[in-house]
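Below are the chains, spelled out letter by letter.
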Amino acid sequence: YNLLKKHWIFAILTAFVAIIPAVFTILSAMNNTNFLHGIMSQNYSFAIYAELLNILFTTLAYSSDYLLYVMQNKCVQYALTEFKNEIGVSIANNEDVDISYYKSALNNDVARIEAAIRGLFGIFDGFINALFAIMALIYIHWTVMLFSIFLFVCTLVIPKLLKKYSVNNEKSLSSIQNNFLHSSSDCLDGYFV
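Residues numbered from 1 in each chain as written. Predicted model: local features only at pLDDT ≥ 70, side-chain atom pairs only at ≥ 80, totals over all residues. Heavy atoms only, no water.

Asks: Mind showing me how you'd approach helix H2 (residues 19-40) here?
Replies: The terminal C-alpha atoms of H2 lie 32 Å apart, and with 22 residues this matches the ideal 32 Å at 1.5 Å per residue to within 8%. Restricting attention to buried positions, one finds in H2 the residues Pro21, Ala22, Ile26, Ser28, Asn31 and Gly38. Positive backbone phi, at 60 degrees, marks Gln42, one or two positions downstream of H2. (Helix = DSSP H or I, 4+ residues; strand = E, 2+ residues; numbered from the N terminus. Expected span 1.5 Å × (residues − 1). Buried < 20%, exposed > 50% of the residue type's maximum accessible area, 1.4 Å probe, protein only.)

Below, the structure is given as structure tokens:
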């Protein structure tokens, strides 16, 4: 946060730009129902209109997603420039500096800072997408939203419940493959001899 302190307005603007691709992605997904409704009711002019609208929404979603990516890169650049300036000042003020240590630390810290900033934007982007998806599901019908949340929870809980069986199965499979490889290599080596 401190590294983006000088450019906090741009960072907040970047976070708000994440709303644009989320909105257009949801609109595009919801517009698919209009397309299907037009096809099923044999109203092909409405279906074509819905599909053209879908193409527009998708184009706007990808374009704004590209803009978001460029703005995130700019935020990373601002933060890394600030970090490098801080490192430069600390090196200039300290004469007993091991330059090789600072080079290594600088490379590691730069990678961590970049990952942290992208992670923050990724969390915000995921939250915004989930929020708009829930709003779209509520718009369709509140029971659809509840059923979707139930399925989401199931996809989180079921693998945890089956983890013990999965691990045992993987161990058993590994043992079987090891025995097969051992016996087949013995057989093939014996054939060669």
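Asks: I keep staring at helix H1 (residues 8-17) and nothing clicks. Help me out?
Replies: Because an α-helix packs 3.6 residues into every turn, residues spaced three or four apart end up facing the same way. Of the positions making up H1, those classed as buried are Ala11, Thr14, Ala15 and Val17. The buried residues of H1 occupy an angular sector of 160 degrees when the element is viewed end-on, so they sit on one face. Facing away from the buried side of H1 by over 90 degrees, the exposed positions are Trp8, Ile9 and Phe16. (Arc of directions from axis to C-beta.)

Asks: Is there a simple way to explain the environment of Tyr62 in this structure?
Replies: On the secondary structure map, Tyr62 appears in helix H3 (residues 44-93). In this structure the C-alpha to C-alpha distance between Tyr62 and Thr25, which are 37 residues apart in sequence, comes to 8.5 Å.

Asks: Explain the nonpolar core here, please?
Replies: The tendency in soluble globular proteins is for nonpolar side chains to be buried side by side. Judged by nonpolar contacts, the single largest core of 14 residues is most densely connected at Leu4, Ala79, Phe83, Ile113 and Ile117. Secondary structure elements with two or more residues in this core: H1, H3 and helix H4 (99-140). Per-element accounting of this core gives the leading share, six residues, to H3. With sequence-adjacent residues up to four places away left out, Ala79 is seen in contact with Leu3, Leu4, Ile113 and Ile117. (Core = buried A, V, L, I, M, F, W, Y, C linked by side-chain atoms within 4.5 Å. Contact = heavy atoms within 4.5 Å.)

Asks: What is the right way to look at the pattern of salt bridges in this model?
Replies: Any two side chains of opposite charge can pair, given that their charged atoms come close. The full count for this structure, using the stated rule, is two salt bridges. Linking Glu82 and Lys6 is a salt bridge whose minimum nitrogen-to-oxygen distance equals 3.4 Å. Here Lys6 lies in the segment before H1 and Glu82 lies in helix H3, a separation of 76 residues in the sequence. Residue classification places Glu82 among the buried positions, given a relative accessible area of 16%. (Salt bridge = Lys/Arg side-chain N within 4 Å of Asp/Glu carboxyl O.)

Keep in mind these numbers describe shape, not what the thing actually does.
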